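Examination of the molecular architecture
Residues per chain, in single letters:
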Amino acid sequence: MPATNPPDGRLPYRCLTGSNDQAFCERVSKALEEGWKLHGSPALTFDGEQVMVAQAVVWPGYSD
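Calculation criteria
- Residues numbered from 1 in each chain as written.
- Predicted model: local features only at pLDDT ≥ 70, side-chain atom pairs only at ≥ 80, totals over all residues.
- Heavy atoms only, no water.
- Buried < 20%, exposed > 50% of the residue type's maximum accessible area, 1.4 Å probe, protein only.
- Helix = DSSP H or I, 4+ residues; strand = E, 2+ residues; numbered from the N terminus.
- Contact = heavy atoms within 4.5 Å.
- Polar contact = N/O pair within 3.5 Å; in protein donor to acceptor, adjacent residues only side chain to side chain.
- Pairing = 2+ DSSP bridges.
- Axes fitted to C-alpha atoms, helices over the stretch in contact; angles between N-to-C directions.
- UniProt positions renumbered as here; feature names shortened; annotations may be inferred.
- Core = buried A, V, L, I, M, F, W, Y, C linked by side-chain atoms within 4.5 Å.

Quick look at unusual backbone geometry now. The backbone of Asp8 sits at a positive phi, close to 60 degrees, despite the residue not being glycine. With relative accessibility at 70%, the residue Asp8 sits in the exposed group.

This is the structure we're talking about:
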C-alpha cells in the first residue's frame, strides 16, 4: 500500500511532460511503480518538429 503522503515532499498532483518517446514512457512508468495514479487522459500536441505529450498523475486519495 502506498504511503499516505507523496514521496520526497512532492505535491499530490504532478503533470509529466515531454517528447512522446521512450524516456517519457519510462518516467510515467516509474511514477506508477512509485504509487502514483493516472489522472485523466494524456494530451498530445505537435510543436512543428515532434509530438509532445502531457500526463497528469495524482497521489492516491487526492483524486477521489
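What follows is about the environment of Glu34. With respect to the helices, strands and loops of the structure, Glu34 is situated in helix α1 (residues 22-34). Since its relative accessible area comes to 30%, Glu34 is described here as partly exposed. Along the backbone, Glu34 and Pro60 are 26 residues apart, and their C-alpha atoms lie at a distance of 11 Å. Residue contacts for Glu34: discarding those within four places in its chain leaves Arg10, Arg14 and Trp59. A polar contact is formed between the side chain of Glu34 and the side chain of Arg10, at a distance of 3.4 Å.

Across a sheet, strands are paired by hydrogen bonds formed along the backbone, either parallel or antiparallel in direction. Spatially, three strands are ordered β1-β3-β2 in an open sheet, and the strand pairing comes out antiparallel. Edge positions in the sheet fall to β1 (13-19) and β2 (37-46), since each has one partner strand and no second. Here the strands of the sheet are splayed against their neighbours by 15 degrees on average, with no regard to which way each runs. For β1 and strand β3 (residues 51-58), the ladder comprises seven bridges, and the chain directions are antiparallel. The residue bridging Ser19 from the neighbouring strand is Met52, located in β3. Sheet contacts for α1: β1, β2 and β3; angle to β1, the most-contacted strand, approximately 160 degrees.

Below, the discussion takes up the UniProt feature "domain: DUF1737" (unreviewed entry) in the protein chain. What UniProt calls "domain: DUF1737" (unreviewed entry) maps, in this numbering, to residues 13-58. Taken end to end, residues 13-58 comprises 28% helix and 54% strand; its first and last C-alpha atoms sit 5 Å apart.

Bringing the nonpolar core into the picture now. Nonpolar side chains in soluble globular proteins generally cluster together in the buried interior. The biggest cluster of nonpolar side chains holds eight residues, and these are Leu16, Phe24, Val28, Ala31, Trp36, Val53, Val57 and Trp59. Mapped onto this core, the elements with two or more residues apiece are α1 and β3. In terms of residue count, α1 provides more of this core than any other element does, three residues in total. Discounting residues that sit within four places of it in the chain, Val57 has contacts with Pro12, Tyr13, Arg14, Leu16, Trp36, Lys37, Leu38 and His39.

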